[in-house]
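# Structural overview
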Amino acid sequence: MPHVFPEPAREELRPSDPSEARAVQDRLAPRVRTEPLDPGGVRLVAGLDVSYGATELVAAAAVLDAATLEVVAQATVRAAPSFPYVPGLLAFRELPPLLTVLERLDVEPDVYVCDGYGLAHPRRFGLACHLGVLLDRPVLGVAKTAFVGRCAEPGPARGSAADLVDGGEVVGRCLRVQDGVKPVYVSVGHRVDLDSACALVLRLSPRYRICEPIRRADRLSRRELAATPDGKHP
DNA sequence: GCGACAG
DNA sequence: ATCTTGTCGC
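Per an unreviewed UniProt entry, chain A goes by the name Endonuclease V and belongs to Thermobifida halotolerans. The annotation that UniProt attaches to chain A under Sequence similarities (unreviewed entry) is "Belongs to the endonuclease V family." According to the UniProt record, the Cofactor (unreviewed entry) comment for chain A reads "Mg(2+)".

As structure tokens, this is what we get:
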């Protein structure tokens, strides 16, 4: 069983209120490390996503071979939300089930891709940073809409990008992964740098706006949710 | 005070 | 995130 990580302190995953949650982020944020990620060392990439039903959620992980983009492992977990959705505190809602899903994988991913932000966060500690610090493994975040910061409009061609700036610092990059298609927002989670993260996201997005690992995880979580009694909204 | 606000 | 109809394009 490749997945063995230290049991996070209770409050690091399940704070009793938003105030305590923000304090946890402020305390863990200094642990984030930004460093180059060797492309040659990336063989397995895990995409993570969560789908919501009336009373439950389904977290999913899809591990792809970085060279072929074929799925080599996947897992899901059904659970009850343990924290409400609060802008800036997404990690406390999705991290618990995501960690459980990762424990169920029978392979060890080289890098993880989250559906959300990393450093492009009010306290510089979004979901991707939180997961990265807890696992102490490379993690990056890819979001579909802006949350914090401003950026120029990237050129129309695939590969064009513009820095996402907030409070005077570059917290991420607005990246066009398909010609003429709305860009995505990439930010560092942990143990990767912006250039490495953007290069990887481009490699992982050969055809669609949403990179393959997350597309597969999204599809997987939706399918699992739909296969449930009250898997749909009222 | 007001608006905006990842998923 | 989810709900929600038709429409445009490959």
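Moving on, we come to the overall build of chain A. The secondary structure content of chain A amounts to 6 helices and 8 strands. Counting helices and strands in the order they occur from the N terminus, chain A gives α-α-β-β-β-α-β-α-β-β-β-β-α-α. Taken over C-alpha atoms, the radius of gyration comes to 17 Å for chain A, in line with the 17 Å a tight globule of 234 residues would show. Viewed in the frame of its principal axes, chain A has a C-alpha envelope of about 45 × 40 × 40 Å. A burial count over chain A gives 54% of its 234 residues as buried. Within chain A, contacts between residues at least 6 apart in sequence are counted, and of these 66% link residues at least 24 apart. Working note: accessible area of chain A is about 10500 Å², and carbon and sulfur atoms make up 51% of it.

In this numbering, the UniProt entry assigns the feature "site: Interaction with target DNA" (unreviewed entry) to Tyr 85. Among the secondary structure elements, Tyr 85 is positioned in the loop between strand S3 (71-79) and helix H3 (90-103). Given the relative accessible area of 51%, Tyr 85 is considered exposed. Not counting residues within four places of it along the chain, the set of residues in contact with Tyr 85 comprises Leu 90 and Arg 93.

Formed by 28 residues in total, the largest nonpolar core has its most connected members in Leu 48, Leu 102, Tyr 112 and Leu 131. Looking at this core, the elements with two or more residues in it are strand S1 (44-52), strand S2 (57-65), S3, H3, strand S4 (111-115) and helix H4 (127-135). No other element matches H3, which puts 6 residues into this core. Grouped together as the second largest cluster of nonpolar side chains are 27 residues, Val 42, Val 45, Leu 194 and Leu 204 included.

This next bit is on the pattern of salt bridges. Two side chains with opposite charge may pair up if their charged atoms get near one another. As enumerated under the stated definition, the model contains 13 salt bridges in all. Between Asp 166 and Arg 124 there is a salt bridge whose closest N-O contact spans 3.0 Å. Taken together, the residues Asp 166 in strand S6 (residues 161-166) and Arg 124 in the loop between S4 and H4 connect sequence positions 42 residues apart. Its salt-bridge partner being Asp 163, residue Arg 173 comes within 3.5 Å of it at the nearest N-O pair. Placement of the pair is Arg 173 in strand S7 (residues 169-175) and Asp 163 in strand S6, with a sequence separation of 10 residues. With a relative accessible area of 36%, Asp 163 lands in the partly exposed category. One network of salt bridges, in which partners are shared, links Glu 56, Arg 78 and Glu 224.

Definitions and cut-offs
- Residue positions are given per chain, counting from 1 as you read along its sequence in written order.
- Labels are handed out in written order, letters beginning with A for the chains and numbers beginning with 1 for the ligands.
- Confidence filtering applies because this is a predicted model: local features only for residues at pLDDT of at least 70, side-chain atom pairs given and counted only at 80 or more, and all residues used for totals across whole chains, interfaces and linings.
- The basis for every side-chain value is the complete set of non-hydrogen atoms in the structure, without hydrogens or water.
- UniProt positions are given in the numbering used here, feature names are shortened, and annotations may be inferred rather than shown by experiment.
- Going along the chain from the N terminus, every DSSP run of H or I of four or more residues is numbered as a helix, and every run of E of two or more is numbered as a strand.
- With the radius of gyration taken over C-alpha atoms, the globule rule is written as 2.2 Å times the number of residues to the power 0.38.
- The rule is simple: take the accessible area with a 1.4 Å probe, protein chains only, and divide by the maximum for that residue type; under 20% is buried, over 50% is exposed, in between is partly exposed.
- Any two residues whose heavy atoms approach within 4.5 Å at even a single point are treated as in contact.
- For accessible areas, the Shrake-Rupley method is used with a probe of radius 1.4 Å. Any residue's cover is judged against the shown protein chains and nothing else.
- The set of buried Ala, Val, Leu, Ile, Met, Phe, Trp, Tyr and Cys residues whose side-chain atoms join them within 4.5 Å is what this entry labels a nonpolar core.
- Criterion for a salt bridge: a side-chain nitrogen of Lys or Arg within 4 Å of a carboxyl oxygen of Asp or Glu.

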